[in-house]
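Structural features, examined
Given next are the chains, with one letter for each unit.
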Amino acid sequence: MTAPSVVTELDILAIAAHRDDVEQTCGGTLLKMAALGHRTGILDLTQGEMGTRGTDDDRAREAAEAARILGVSWRHALDIPDGRVENTWENRLKIVRVIRERRPRVVILPYWQGRHPDHYTTSIVGYEACFLAGLKKLEIEGEPHRPFKIIYATLYFDIRPTFVVDITDQFEARFASLMAYKSQYADQQEGSGLFPRQEEIRDRIETMAKFYGLLAGVKYAEPFVQKEIALVEDVTAIPVQSL
């Protein structure tokens, strides 16, 4: 599934294991970047066919609606089996093809630790694919391309972020993009013992966004980690007050 797009290249590509992962972890950031004029995209590695609720067709329709709400230029889902995201050569090459075709400057990956194996494996296989995509002698279609920056969305793991993105103006739309997955989050009997009610989901999402916003003195924020040392040109212009 690809939606909506005639865009060839992207500025920012978020890679996630499942449809709705991006909406939970960095949807507000993608929406904000799109509003700034950046071309954003989402690559879901699986179709979501192992979910307790709904079908992969349901989630494809819902993902298209969520993409519309977030203003992304491009979205696609690979055919890696849900629940079996593995760091294999074949899976790395599937991602390499996308990176070479879409040529993002920034890639957003899940954090490399977490509860769900698909999430932390996506982090590892995504990183390795970003590296491989830049190898000139890799015999695969597309011109070599290596993203300039990789950042990690950390909402699934309790770790102090390197930085947060203020999504105060994007919070409501970000929540609406998650609620587009009616098969997953609408109140229903199926899976009721496993899934919280929609009102509780709202409380959880808002509480986490407020917590990370509090760290930086804004109302709502999304957390990220980068592996590199940050570079500052003017120490008088560093945001977030110390005292």
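Before any of the text, the structure's been laid out above.
Residues numbered from 1 in each chain as written. Predicted model: local features only at pLDDT ≥ 70, side-chain atom pairs only at ≥ 80, totals over all residues. Heavy atoms only, no water.

1. Considering the environment of Lys 227
What counts is decided by this rule: Secondary structure follows DSSP: runs of H or I at least 4 residues long count as helices, runs of E at least 2 residues long count as strands, and numbering of each begins at the N terminus. Only heavy atoms enter the contact rule, under which two residues are in contact if any of them lie within 4.5 Å. Any pair of N or O atoms that falls within 3.5 Å is considered a polar contact. Within protein, one atom must be able to donate a hydrogen and the other to accept it, and sequence-neighbouring residues count only if both atoms are side-chain atoms.
Along the chain, the position of Lys 227 falls in the segment after β7 (221-225). Between the C-alpha atom of Lys 227 and that of Ile 150, which follows or precedes it by 77 residues, the distance is 8.4 Å. Setting aside chain neighbours within four positions, we find Lys 227 in contact with Trp 112, Tyr 127 and Tyr 152. Among the polar contacts made by the side chain of Lys 227, one reaches the side chain of Tyr 152 at a distance of 3.3 Å.

2. Notes on empty space enclosed by the protein
Operational definition: In this analysis a 1.4 Å probe is tested at points of a 1 Å grid over the protein atoms alone, and where it fits but cannot get out there is a cavity; an open set with protein on both sides within 12 Å along at least five of seven lines is a pocket; lining residues have an atom within 4 Å of a point. Grid points are joined across faces, edges and corners, and a volume is the space filled by probe spheres set on the points. In this classification, the charged set is Asp, Glu, Lys and Arg, the nonpolar set is Ala, Val, Leu, Ile, Met, Phe, Trp, Tyr, Cys and Pro, and all remaining amino acids, among them Gly, are polar.
Taken as a whole and assessed by the stated rule, the structure comprises 2 cavities of 30 Å³ or more. In this structure, the largest cavity occupies an estimated 80 Å³ of space. Lining the largest cavity we find Ile 15, Ala 16, Asp 21, Val 22, Thr 25, Cys 26, Ile 108, Leu 109, Pro 110, Tyr 111, Ala 153 and Tyr 156. Secondary structure elements with two or more residues in the lining of the largest cavity: β1 (12-16), α1 (21-25) and β4 (106-110). By volume, the second largest cavity amounts to about 30 Å³. What lines the second largest cavity is simply Leu 155, Arg 174, Ile 205, Met 208, Ala 209, Ala 221, Glu 222 and Pro 223. For the lining of the second largest cavity, a count of residues per class yields 6 nonpolar, no polar and 2 charged.

3. Quick word on a nonpolar patch on the surface
As a reminder of what qualifies: Patch membership is restricted to residues that have no salt bridge and whose relative accessible area is over 30%. Joining uses 9 Å for like charges and 5 Å for the nonpolar side chains Val, Leu, Ile, Met, Phe, Trp and Tyr. Throughout, the Shrake-Rupley method with a 1.4 Å probe supplies accessible areas, and for residues the shown protein chains are the sole cover considered. The working definition used for a salt bridge is a side-chain nitrogen of Lys or Arg within 4 Å of a carboxyl oxygen of Asp or Glu.
A contiguous nonpolar patch, built from Val 232, Val 235 and Ile 238 and spanning about 280 Å² of accessible area, is present on the exposed surface. In this fold, Ile 238 is placed in the segment after β7.

4. Things to note about the state of the cysteines
Heads up, the condition is: By convention in this document, the label disulfide applies to cysteine sulfur atom pairs within 2.5 Å. For every residue, the accessible area obtained with a 1.4 Å probe (protein chains only) is divided by the maximum for its type, and the residue is called buried under 20%, exposed over 50%, and partly exposed between those limits.
In this structure the tally under the stated criterion is 0 disulfides. Note on Cys 26: no disulfide assigned, nearest cysteine sulfur contributed by Cys 130 at a separation of 14 Å. Looking at Cys 26, the relative accessible area reads 2%, which means it is buried. Take Cys 130: its relative accessible area is 1%, and that puts it in the buried class.

5. Structural notes on helix α8 (residues 198-216)
Stated precisely, the cut-off is as follows: Here a helix's expected span is defined as the number of its residues, less one, multiplied by 1.5 Å. The directions considered for the arc are those from the helix axis to the C-beta atoms.
With 19 residues, α8 should reach 27 Å at 1.5 Å per residue; the first-to-last C-alpha distance of 28 Å fits that figure. Of the residues making up α8, those classed as buried are Ile 201, Ile 205, Glu 206, Ala 209, Tyr 212 and Gly 213. An end-on view of α8 places all buried positions within 135° of arc, on one side of the element. Residues of α8 that are exposed and point more than 90 degrees away from the buried face comprise Glu 199, Thr 207 and Leu 214. Residues of α8 that are buried in the fold lie against β6 (163-166), α6 (171-179), α7 (182-185) and β7. Looking one or two places after α8, you find Gly 217, whose phi comes out positive at around 80°.

6. Examining the pairing of β4
The criterion, for reference: Only strands that DSSP links by at least two bridges are regarded as paired with each other. Convention used here: a crossover is right-handed provided that the path from the first strand, over the helix, to the second strand proceeds clockwise when the strands point away from the viewer.
Within β4, 5 of the 5 residues are buried, which leaves the element mostly enclosed by the surrounding structure. Neither face of β4 is left uncovered, since the one carrying Val 106, Ile 108 and Pro 110 and the one carrying Val 107 and Leu 109 both have all their residues buried. In this structure, β1 lies alongside β4, joined through 3 bridges in parallel fashion. Along β4, the bridge assignment pairs Leu 13 with Val 107. Following the backbone out of β4, through helix α5 (residues 117-132) and into the adjacent parallel strand β5 (residues 149-153), one traces a crossover that is right-handed.

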